[in-house]
Amino acid sequence: MKKCLRQNLRNLDREEYQILRRMSRLSKNLYNRHLYEVRQHFFDNGEYLNYYNTYNRIKANENYEQLPSQVAQQTMKQVDKGFQSFFKLLRKKQEGKYNAQVNIPNYLEKDGFYLLDFPNQSFQIKEDYIRVGVPKQFREEHGFQRKEIKIPFSYEEVREKNIKRLQILPQKDAQYFEYRIIYEQETEEVETEED
């Protein structure tokens, strides 16, 4: 069973905050760029252009290049999930099993921010913090010196868990951030008595 530990991200210094803010903007830009490719292909050809077919078109995009590659891939996969849901709803509507209006996925706000989704191999958990790397190209483009961000974290809560991902979520127009640790926990079978 997947579970989630969610907390406000505290004790960031000014540079760490600015790094996360800019990365969140790049993630939003990449989301919209990928969405544009998929929507245009759908409008022009009436067919779905999935993640694997758009990857080669998008990987040279500046937003993709500046983000950690696995974070960029996860952002693109969110567009893919949105379109898969859209097509499932369309099929249900055609079968008469869904009555509400079905809308194609929309763009994120131009001046907005989007989550940073780190798969488990793209960060390190230490005893009292999570280490997230800052890509060299991003640092050079934006003038940052910091090679990593250390997120204060109490490892005790998830020590024995199978951690799947770290998500950093911009809140209130990226005035602050929350983080989520998504992990798997084995469920114990409960014996029930029959009457």
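Anything mentioned here points back to the structure above.
Before going into details, it helps to say that this report is about the structure given with it.

The rules behind each value
Residues numbered from 1 in each chain as written. Predicted model: local features only at pLDDT ≥ 70, side-chain atom pairs only at ≥ 80, totals over all residues. Heavy atoms only, no water. Pairing = 2+ DSSP bridges. Helix = DSSP H or I, 4+ residues; strand = E, 2+ residues; numbered from the N terminus. Axes fitted to C-alpha atoms, helices over the stretch in contact; angles between N-to-C directions. Phe/Tyr/Trp six-rings, centres within 6.5 Å; stacked < 30°, edge-to-face > 60°. Buried < 20%, exposed > 50% of the residue type's maximum accessible area, 1.4 Å probe, protein only. Lys NZ or Arg CZ within 6 Å of the ring centre and 35° of its normal. Contact = heavy atoms within 4.5 Å.

Digging into the sheet that holds strand E1 (residues 2-8)
Step number 1: Read across the sheet, four strands follow the order E1-E7-E6-E2 without closing on themselves; strand pairing throughout is antiparallel. Since the sheet does not close on itself, it has two edges, and those belong to E1 and strand E2 (116-119), each with one partner. Each strand of the sheet is rotated relative to its neighbour by a mean of 15°, with strand direction disregarded.
Step number 2: Where strand E6 (residues 162-171) and strand E7 (residues 176-184) come together, nine bridges link them in antiparallel fashion. Following the sheet pairing, Gln167 is matched in E7 by Arg180.

Some words on the packing of aromatic side chains
Here the distance between the centres and the angle between the planes together describe a pair of aromatic rings.
Step number 1: Scanning all chains against the criterion turns up 14 aromatic pairs.
Step number 2: Geometrically, the ring pair formed by Tyr51 and Tyr52 is edge-to-face, given 5.0 Å between the ring centres and 80° between the ring planes.
Step number 3: The exposure class of Tyr51 is buried, given its relative accessible area of 7%.
Step number 4: Judged by its relative accessible area of 62%, Tyr52 falls in the exposed class.
Step number 5: Ring pairing ties together the aromatic residues Phe42, Phe43, Tyr48, Phe83, Phe86 and Phe87, which thus form one cluster.
Step number 6: Looking at Lys150, its charged tip hangs above the ring of Tyr129, at a distance of 4.8 Å from the centre.

Digging into the environment of Val102
Step number 1: Among the secondary structure elements, Val102 is positioned in the loop between helix H4 (69-94) and E2.
Step number 2: Each C-alpha atom, one on Val102 and one on Ile168, is 29 Å from the other, the two residues being 66 residues apart in sequence.
Step number 3: With near-sequence residues (within four places) excluded, Val102 lies in contact with Phe86, Leu89, Leu90 and Lys93.

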